[in-house]
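# Report on the structure
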Amino acid sequence: MPRIKYPYEFDPKKRRIAKIYRRDKLLFYFLGLIISLSTGLLILFSGLNISIRDFVLQHPLPTLFYGFLILSIFTITSFPLSFYSTFIYDSKFKLIRYKLSGWFKEYLKSNLIYYTLSLIVISVLYFSIRTFSPWWVYAGVFYIIFSTTINYIFPLFIVPFMWKTEPYKDKPMRRKILNLCRKLGVVNIRNVFVVKESEKSVRSNAFFYGIGNQQKMALFDNLLHDFTKDEVETVVGHELGHYVNKDIIRGLILESILIFPLLFVVDYSVDISAAMLGVQGIGDLASLTLIGMIYGTLGFLLMPLTNAHSRWRESEADKFALEHVKKPLPQISTEKRLADMNLAELSQQPLIEFWLFTHPSTARRIRMAEDWNKKIKKQN
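Residues numbered from 1 in each chain as written. Predicted model: local features only at pLDDT ≥ 70, side-chain atom pairs only at ≥ 80, totals over all residues. Heavy atoms only, no water.

## Focus: the nonpolar core
Membership of the largest hydrophobic core comes to 36 residues, with the highest contact counts inside it found for Tyr66, Tyr126, Ile129, Trp135, Val270 and Ile291. Within the residue set of this core, elements represented by two or more residues are α1 (12-46), α2 (48-56), α3 (62-92), α4 (100-131), α5 (135-153), α10 (247-273) and α11 (288-324). The element that contributes the greatest number of residues to this core is α10, accounting for seven residues. Each residue touching Trp135, except ones within four places of it in the same chain, is listed here: Leu125, Ser128, Ile129, Leu263, Asp267 and Ile282. Core analysis: the second largest hydrophobic core is formed by 25 residues, Tyr168, Val192, Leu223 and Phe227 among them. (Core = buried A, V, L, I, M, F, W, Y, C linked by side-chain atoms within 4.5 Å. Buried < 20%, exposed > 50% of the residue type's maximum accessible area, 1.4 Å probe, protein only. Helix = DSSP H or I, 4+ residues; strand = E, 2+ residues; numbered from the N terminus. Contact = heavy atoms within 4.5 Å.)

## With respect to the environment of Pro12
Structurally, Pro12 is set in helix α1. For Pro12, a relative accessible area of 54% translates into the label exposed. Along the chain, Pro12 and Pro62 lie 50 residues apart, while their C-alpha atoms are 56 Å from each other.

## Side note on the packing of aromatic side chains
Here the structure, examined in full by the defined rule, presents 31 aromatic pairs. Between Tyr21 and Tyr89, the aromatic rings sit 5.7 Å apart at their centres with planes inclined by 15°, giving stacked as the arrangement. Taken together, the residues Tyr21 in helix α1 and Tyr89 in helix α3 connect sequence positions 68 residues apart. In this structure, Tyr21 and Tyr89 share a single accessibility class: buried. Grouping aromatic residues by their ring pairs yields a cluster made of Phe79, Phe83, Phe87, Trp103, Phe104 and Tyr107. Over the face of the ring belonging to Tyr8 we find Lys5, whose NZ or CZ atom lies 5.5 Å from the ring centre. Over the ring of Phe161 we find Lys109, and its NZ or CZ is 5.4 Å from the ring centre. (Phe/Tyr/Trp six-rings, centres within 6.5 Å; stacked < 30°, edge-to-face > 60°. Lys NZ or Arg CZ within 6 Å of the ring centre and 35° of its normal.)

## A closer look at a nonpolar patch on the surface
A surface patch of nonpolar side chains, amounting to about 700 Å² of accessible area, comprises Tyr152, Ile153, Phe157, Ile211, Ile248, Ile249, Ile253 and Ile257. Contributing elements (two or more residues each) for the nonpolar patch: α5 and α10. Of the residues forming the nonpolar patch, the biggest block, four residues, is contributed by α10. (Patch = residues over 30% accessible without salt bridge, like charges linked within 9 Å, V, L, I, M, F, W, Y side chains within 5 Å. Areas by Shrake-Rupley, 256 points an atom, 1.4 Å probe, with all protein chains shown as cover. Salt bridge = Lys/Arg side-chain N within 4 Å of Asp/Glu carboxyl O.)

## Digging into the pattern of salt bridges
With the rule as written, the count across this model stands at 22 salt bridges. Note that Lys336 and Glu9 form a salt bridge whose closest N and O atoms lie 3.0 Å from each other. Within this pair, whereas Lys336 is found in helix α12 (residues 328-341), its partner Glu9 is found in the segment before α1, the two being separated by 327 residues in sequence. Where Lys229 meets Asp170, a salt bridge forms, and the shortest distance between an N and an O atom there is 2.9 Å. Here Lys229, found in helix α9 (residues 229-244), pairs with Asp170, found in the loop between β1 (165-167) and α7 (171-183); they are 59 residues apart in sequence, far enough to count as distant. With relative accessibility at 48%, the residue Lys229 sits in the partly exposed group. The partly exposed category is assigned to Asp170, whose relative accessible area is 21%.

Put into structure tokens, the structure is as follows:
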């Protein structure tokens, strides 16, 4: 294995390429929104939603059937852009490694997960609408239960479904990671696994999954192959920050606060607009696209709030790694290496970062580590 360059410094060529790549990715994002919005409007104003409703009511499980057909229309209209932006374009920049068959396999797996979760949500939504009053209170409670279950249980099925894994064989490093967990009071993490992402892409990541005392830490093989052990340790420290700070629970609390007013606004908006679209109220299956568009619009408008919360928690996890791993220079090197590998821009226009970014910019994360390092040097 070739020696890993450390400390890592930015590659000027990759910095130039990153500007082009991220500019185009932003364009693809907004183009995707336009395609999705146009598809929804076409379904509503052409009366296709009503024709599909009349068709499915003649068959068993009409709610699931209707949901499947509507999701399929959105999948078909979004497919060309999805294929170009995640396969052709990313292949051009050498960010993915699988061939066309591998991309299709990944695409189908992702859609299977998406359709399964979506159809469960759609079924529970219409059950709540037709059974309870006010429906949005009960639907909100169901959503919280479902979201909590998914966050803790679903990764147990997602990880083996989406990736090949194997036990981490570097015993000294494995012991070091588990000792760091014990030191921070994380006693439920019993093992470390390697996720074989290198077969698919250049991405590097780490995360926890599992429940109870059978939880595991997963490390992408790219992280282990392309980063020094000190850098890997800073990534582990960051993920431990999320774990110790209970960021999943914090996120669920925020979702729980927002879901009730969101569903209330959906209920009110559908009530005043359904008739003009030929929809017989919110309990009519033909309301599904309208519900989805209103909910999606509200979600987009709330992104500054939810993403600000996410950036705050990511920043706190960075701070946690600095305070407990105490390796600011490897942490800075990690951020630089990740930025070049992922072709991430160092900073972004303030409005774009404010609205769309779930993580602090690379420049902010590096500056935090540099400031922390200076402060520690002064104290010593």
